[in-house]
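Breakdown of the fold
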Amino acid sequence: MDKIVLASGNAGKLKEFSQLFSGWQIAVLPQSDFLEQEAEETGLSFIENALIKARHASRVSGLPALADDSGLAVDALDGAPGIYSARFAGVGASDEDNNRKLLESLEDVPTEKRTAAFHCALAFVRSADDPVPLVCTAYWPGQILSRAAGDQGFGYDPLFYVPSEKLSSAQLPREVKNRLSHRAQAVKKFEQLWHEEMVVPDNLRHANTGKKLI
(Lines give C-alpha, C1' and ligand atoms only; values in the text may rest on other atoms or scores of the structure.)
Protein backbone atom coordinates (compact mmCIF):
# COMPACT_ATOMS: atom_id res chain seq x y z
CA MET A 1 0.00 0.00 0.00
CA ASP A 2 1.80 3.14 -1.18
CA LYS A 3 -1.18 5.34 -2.12
CA ILE A 4 -4.52 6.18 -0.56
CA VAL A 5 -7.27 8.57 -1.59
CA LEU A 6 -8.63 11.25 0.72
CA ALA A 7 -12.37 11.53 0.13
CA SER A 8 -12.43 15.30 0.49
CA GLY A 9 -11.88 18.36 -1.62
CA ASN A 10 -10.61 20.36 1.35
CA ALA A 11 -7.00 21.45 0.80
CA GLY A 12 -6.41 21.83 4.54
CA LYS A 13 -7.48 18.27 5.22
CA LEU A 14 -5.29 16.99 2.38
CA LYS A 15 -2.26 18.72 3.88
CA GLU A 16 -3.05 17.42 7.36
CA PHE A 17 -3.42 13.81 6.31
CA SER A 18 -0.45 13.97 3.93
CA GLN A 19 1.69 14.96 6.90
CA LEU A 20 0.24 12.11 8.94
CA PHE A 21 1.22 9.50 6.37
CA SER A 22 4.51 11.06 5.22
CA GLY A 23 6.60 9.05 7.66
CA TRP A 24 5.06 5.83 6.39
CA GLN A 25 5.95 6.50 2.73
CA ILE A 26 2.29 6.56 1.72
CA ALA A 27 1.10 9.23 -0.70
CA VAL A 28 -2.31 10.79 0.02
CA LEU A 29 -4.10 11.73 -3.21
CA PRO A 30 -7.10 14.09 -3.46
CA GLN A 31 -10.34 12.55 -4.66
CA SER A 32 -10.49 15.25 -7.34
CA ASP A 33 -7.87 13.21 -9.21
CA PHE A 34 -10.53 10.55 -9.75
CA LEU A 35 -14.00 11.97 -9.03
CA GLU A 36 -16.07 14.55 -10.82
CA GLN A 37 -18.95 14.22 -8.38
CA GLU A 38 -18.77 13.63 -4.64
CA ALA A 39 -20.75 10.90 -2.92
CA GLU A 40 -24.30 11.68 -1.83
CA GLU A 41 -24.30 11.77 1.96
CA THR A 42 -27.42 9.78 2.76
CA GLY A 43 -26.33 8.46 6.17
CA LEU A 44 -28.00 9.38 9.44
CA SER A 45 -24.78 9.72 11.43
CA PHE A 46 -21.26 11.06 11.03
CA ILE A 47 -19.90 7.50 10.90
CA GLU A 48 -22.34 6.42 8.19
CA ASN A 49 -21.50 9.41 6.01
CA ALA A 50 -17.75 8.95 6.49
CA LEU A 51 -18.08 5.33 5.36
CA ILE A 52 -20.24 6.29 2.37
CA LYS A 53 -17.62 8.79 1.22
CA ALA A 54 -14.68 6.45 1.80
CA ARG A 55 -16.31 3.55 -0.09
CA HIS A 56 -17.29 5.82 -2.97
CA ALA A 57 -13.77 7.21 -3.33
CA SER A 58 -12.27 3.71 -3.19
CA ARG A 59 -14.73 2.33 -5.74
CA VAL A 60 -13.97 5.07 -8.27
CA SER A 61 -10.19 5.17 -7.73
CA GLY A 62 -9.52 1.49 -7.11
CA LEU A 63 -7.35 2.52 -4.13
CA PRO A 64 -7.74 2.42 -0.33
CA ALA A 65 -9.58 5.53 0.86
CA LEU A 66 -9.90 7.70 3.97
CA ALA A 67 -12.83 10.00 4.70
CA ASP A 68 -14.06 12.14 7.54
CA ASP A 69 -17.43 13.58 8.39
CA SER A 70 -17.78 16.22 11.03
CA GLY A 71 -20.17 18.81 12.36
CA LEU A 72 -21.67 20.65 15.32
CA ALA A 73 -24.29 19.17 17.67
CA VAL A 74 -26.14 21.62 19.93
CA ASP A 75 -27.89 20.16 22.97
CA ALA A 76 -30.71 22.73 23.06
CA LEU A 77 -31.50 21.88 19.40
CA ASP A 78 -31.63 18.12 20.02
CA GLY A 79 -28.27 17.63 18.30
CA ALA A 80 -28.89 19.89 15.31
CA PRO A 81 -27.37 20.93 12.98
CA GLY A 82 -25.45 17.64 13.28
CA ILE A 83 -24.81 15.91 9.96
CA TYR A 84 -26.44 18.89 8.23
CA SER A 85 -23.96 21.40 9.67
CA ALA A 86 -22.61 22.50 6.28
CA ARG A 87 -26.11 23.13 4.94
CA PHE A 88 -27.97 24.15 8.09
CA ALA A 89 -29.33 27.27 6.37
CA GLY A 90 -29.96 25.43 3.10
CA VAL A 91 -28.03 23.87 0.24
CA GLY A 92 -25.19 26.16 -0.79
CA ALA A 93 -25.37 28.16 2.46
CA SER A 94 -22.30 30.16 3.46
CA ASP A 95 -20.66 30.03 6.88
CA GLU A 96 -22.27 33.38 7.64
CA ASP A 97 -25.71 32.02 6.69
CA ASN A 98 -25.30 28.99 8.93
CA ASN A 99 -24.01 31.03 11.85
CA ARG A 100 -26.90 33.47 11.50
CA LYS A 101 -29.44 30.65 11.58
CA LEU A 102 -27.75 29.10 14.60
CA LEU A 103 -27.92 32.36 16.54
CA GLU A 104 -31.57 32.82 15.58
CA SER A 105 -32.37 29.27 16.68
CA LEU A 106 -30.80 29.91 20.11
CA GLU A 107 -32.07 33.45 20.56
CA ASP A 108 -34.08 32.68 23.72
CA VAL A 109 -31.76 30.01 25.14
CA PRO A 110 -29.81 31.08 28.27
CA THR A 111 -26.03 30.77 28.44
CA GLU A 112 -25.97 27.73 30.71
CA LYS A 113 -28.10 25.76 28.24
CA ARG A 114 -26.10 26.62 25.12
CA THR A 115 -23.82 23.57 25.44
CA ALA A 116 -22.61 21.94 22.24
CA ALA A 117 -19.84 19.79 20.80
CA PHE A 118 -17.99 19.43 17.53
CA HIS A 119 -17.91 15.79 16.36
CA CYS A 120 -15.62 14.04 13.87
CA ALA A 121 -15.75 10.51 12.44
CA LEU A 122 -12.91 9.03 10.37
CA ALA A 123 -13.34 5.95 8.19
CA PHE A 124 -10.66 4.06 6.26
CA VAL A 125 -11.37 1.25 3.78
CA ARG A 126 -8.86 -0.97 2.04
CA SER A 127 -11.34 -1.48 -0.80
CA ALA A 128 -14.85 -0.30 -1.65
CA ASP A 129 -16.41 -3.42 -0.10
CA ASP A 130 -14.05 -3.72 2.87
CA PRO A 131 -16.06 -5.59 5.57
CA VAL A 132 -13.78 -4.41 8.39
CA PRO A 133 -13.10 -0.68 7.89
CA LEU A 134 -11.09 1.27 10.42
CA VAL A 135 -13.41 3.75 12.17
CA CYS A 136 -12.76 6.20 14.99
CA THR A 137 -14.62 9.16 16.45
CA ALA A 138 -13.86 12.15 18.65
CA TYR A 139 -15.67 15.18 20.01
CA TRP A 140 -14.82 18.64 21.37
CA PRO A 141 -17.23 20.08 23.98
CA GLY A 142 -18.00 23.76 24.35
CA GLN A 143 -20.75 26.38 24.30
CA ILE A 144 -22.40 28.57 21.69
CA LEU A 145 -21.79 32.29 22.11
CA SER A 146 -24.47 34.93 21.61
CA ARG A 147 -22.29 36.73 19.06
CA ALA A 148 -19.33 35.87 16.86
CA ALA A 149 -15.80 36.32 18.22
CA GLY A 150 -12.51 35.91 16.33
CA ASP A 151 -11.59 35.72 12.67
CA GLN A 152 -9.59 32.48 12.46
CA GLY A 153 -10.86 29.08 11.36
CA PHE A 154 -14.07 28.50 9.45
CA GLY A 155 -17.63 27.28 9.84
CA TYR A 156 -19.01 27.69 13.35
CA ASP A 157 -15.62 28.49 14.91
CA PRO A 158 -16.52 32.15 15.74
CA LEU A 159 -19.53 30.99 17.78
CA PHE A 160 -17.92 27.99 19.49
CA TYR A 161 -16.61 28.92 22.93
CA VAL A 162 -13.90 26.72 24.49
CA PRO A 163 -14.23 27.02 28.31
CA SER A 164 -10.74 25.67 29.07
CA GLU A 165 -9.16 28.43 26.96
CA LYS A 166 -11.76 31.16 27.63
CA LEU A 167 -11.74 31.91 23.89
CA SER A 168 -13.78 31.01 20.86
CA SER A 169 -12.37 28.45 18.45
CA ALA A 170 -11.82 31.32 16.00
CA GLN A 171 -9.64 33.12 18.56
CA LEU A 172 -7.35 30.20 19.36
CA PRO A 173 -3.76 30.11 18.10
CA ARG A 174 -3.49 27.51 15.36
CA GLU A 175 -1.22 25.22 17.38
CA VAL A 176 -3.71 25.19 20.26
CA LYS A 177 -6.69 24.42 18.03
CA ASN A 178 -4.70 21.71 16.26
CA ARG A 179 -4.14 20.06 19.63
CA LEU A 180 -7.65 20.38 21.07
CA SER A 181 -10.05 20.10 18.14
CA HIS A 182 -12.33 17.18 17.36
CA ARG A 183 -10.44 16.50 14.13
CA ALA A 184 -7.05 16.61 15.85
CA GLN A 185 -8.26 14.11 18.45
CA ALA A 186 -9.73 11.84 15.75
CA VAL A 187 -6.49 11.92 13.75
CA LYS A 188 -4.53 10.96 16.86
CA LYS A 189 -6.86 8.01 17.50
CA PHE A 190 -6.65 7.00 13.85
CA GLU A 191 -2.87 7.04 13.93
CA GLN A 192 -2.89 4.66 16.91
CA LEU A 193 -5.52 2.44 15.29
CA TRP A 194 -3.52 2.31 12.05
CA HIS A 195 -0.44 1.04 13.84
CA GLU A 196 -2.47 -1.53 15.77
CA GLU A 197 -4.48 -2.85 12.83
CA MET A 198 -2.48 -2.19 9.66
CA VAL A 199 1.19 -2.56 10.57
CA VAL A 200 2.34 -6.15 10.95
CA PRO A 201 4.38 -6.75 14.14
CA ASP A 202 8.16 -7.05 13.86
CA ASN A 203 8.17 -10.81 14.45
CA LEU A 204 6.06 -11.28 11.30
CA ARG A 205 8.49 -9.51 8.96
CA HIS A 206 8.95 -11.17 5.61
CA ALA A 207 11.89 -13.58 5.90
CA ASN A 208 13.49 -12.50 2.62
CA THR A 209 12.96 -8.75 2.41
CA GLY A 210 12.87 -7.78 6.07
CA LYS A 211 10.05 -5.37 5.21
CA LYS A 212 6.81 -5.08 7.08
CA LEU A 213 3.75 -6.24 5.17
CA ILE A 214 0.64 -4.10 5.16
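Residues numbered from 1 in each chain as written. Predicted model: local features only at pLDDT ≥ 70, side-chain atom pairs only at ≥ 80, totals over all residues. Heavy atoms only, no water.

Observations regarding the overall build of the protein chain
- For the protein chain, the helix and strand inventory stands at five helices and seven strands.
- Overall, the protein chain shows an N-to-C arrangement of helices and strands of β-α-β-α-β-α-β-β-β-β-α-α.
- Computed over the C-alpha atoms, the radius of gyration of the protein chain is 19 Å, within 12% of the 17 Å expected from 2.2 N^0.38 for a compact globule of 214 residues.
- Along the first, second and third principal axes, the C-alpha set of the protein chain runs to 70 × 35 × 25 Å.
- The buried share of the protein chain, reckoned over its 214 residues, is 42%.
- For the protein chain, the proportion of contacts with a sequence separation of at least 24, taken over those separated by at least 6, is 58%.
- For the protein chain, the distance from the average position of its 23 positive side-chain charges to the average position of its 29 negative side-chain charges is 5 Å. (Helix = DSSP H or I, 4+ residues; strand = E, 2+ residues; numbered from the N terminus. Rg over C-alpha atoms; globule rule 2.2 N^0.38 Å. Buried < 20%, exposed > 50% of the residue type's maximum accessible area, 1.4 Å probe, protein only. Contact = heavy atoms within 4.5 Å. Lys, Arg positive; Asp, Glu negative; His and termini not counted. Charge placed at Lys NZ, Arg CZ, Asp CG, Glu CD.)

Overview of the sheet that holds strand 1 (residues 3-6)
- Strand order in the open sheet made by the seven strands is 2-1-3-4-5-6-7, with mixed pairing throughout. For this open sheet the edge positions go to strand 2 (27-30) and strand 7 (167-168), each flanked by a neighbour on one side alone.
- Bridge count between strand 1 and strand 3 (residues 65-74): two bridges; the pairing is parallel. Bridge pairing in strand 3 links valine 5 to alanine 65.
- Taken strand by strand, helix 2 (residues 46-61) contacts strand 1, strand 3, strand 4 (115-125) and strand 5 (134-144), and its axis lies near 155° from that of strand 3. (Pairing = 2+ DSSP bridges. Axes fitted to C-alpha atoms, helices over the stretch in contact; angles between N-to-C directions.)

Brief notes about the packing of aromatic side chains
- Per the stated rule, a full pass over the model turns up six aromatic pairs.
- Aromatic pair phenylalanine 118 and phenylalanine 160: ring centres 4.4 Å apart, planes at 45°, arrangement tilted. A residue pair is termed long-range when its members are at least 10 positions apart, and phenylalanine 118 in strand 4 and phenylalanine 160 in strand 6 (residues 160-162) qualify at 42 residues. Both residues of the pair, phenylalanine 118 and phenylalanine 160, belong to the buried class.
- Where phenylalanine 190 meets tryptophan 194, the ring centres are 6.0 Å apart and the plane angle is 50°; that geometry is what we call tilted. A residue pair is termed a helical-turn pair when its members lie 3 or 4 positions apart in one helix, as phenylalanine 190 and tryptophan 194 do in helix 5 (residues 182-197) at four residues. Tryptophan 194 matches phenylalanine 190 in its accessibility class, with the two residues each being buried.
- Taken together, Phe118, Trp140 and Phe160 form an aromatic cluster joined through their ring pairs.
- Note that lysine 101 overlies the ring of phenylalanine 88, its terminal NZ or CZ placed 4.6 Å from the centroid. (Phe/Tyr/Trp six-rings, centres within 6.5 Å; stacked < 30°, edge-to-face > 60°. Lys NZ or Arg CZ within 6 Å of the ring centre and 35° of its normal.)

Some points on helix 3 (residues 95-105)
- Those residues of helix 3 lying buried are Asn98, Asn99 and Leu102. Considered in projection along helix 3, the buried side chains sweep an arc of 100° and stay on one side of the axis. In helix 3, those exposed residues whose orientation departs by more than 90 degrees from the buried face are Glu96 and Glu104.
- Against the buried residues of helix 3 lie strand 3 and strand 5. (Arc of directions from axis to C-beta.)

Here's the deal with the confidence of the model for the protein chain
- Residues at a pLDDT of 70 or more form 93% of the protein chain, whose mean pLDDT is 88.
- Counting contacts from residues 201-214, a segment whose pLDDT is below 50, to residues more than four positions away or on other chains yields twelve contacts. (pLDDT = per-residue confidence, 0-100.)

As for the side chain of lysine 177
- Relative to the elements of secondary structure, lysine 177 occurs in helix 4 (residues 174-180).
- Those residues in contact with lysine 177, other than ones at most four positions away along the chain, are Trp140, Gly153, Phe154, Asp157, Ser169, Leu172 and Ala184.

Comments concerning the packing of helix 1 (residues 11-22) against helix 5
- Between helix 1 and helix 5, the least distance of the axes is 11 Å, while the angle of their chain directions is 30°. When the axis of helix 1 is compared with that of helix 5, the two are roughly parallel. In terms of crossing hand, the pair formed by helix 1 and helix 5 is right-handed. Along its contact with helix 1, which presents Lys13, Glu16, Phe17, Leu20 and Phe21, the element helix 5 presents Arg183, Val187, Phe190, Glu191 and Trp194.
- Partitioning the contact of helix 1 with helix 5 into residue classes produces six nonpolar, no polar and four charged. (Parallel < 35°, antiparallel > 145°, perpendicular 65-115°, else oblique. Left-handed = near helix turned anticlockwise from the far one by under 90°. Nonpolar A, V, L, I, M, F, W, Y, C, P; charged D, E, K, R; others polar.)

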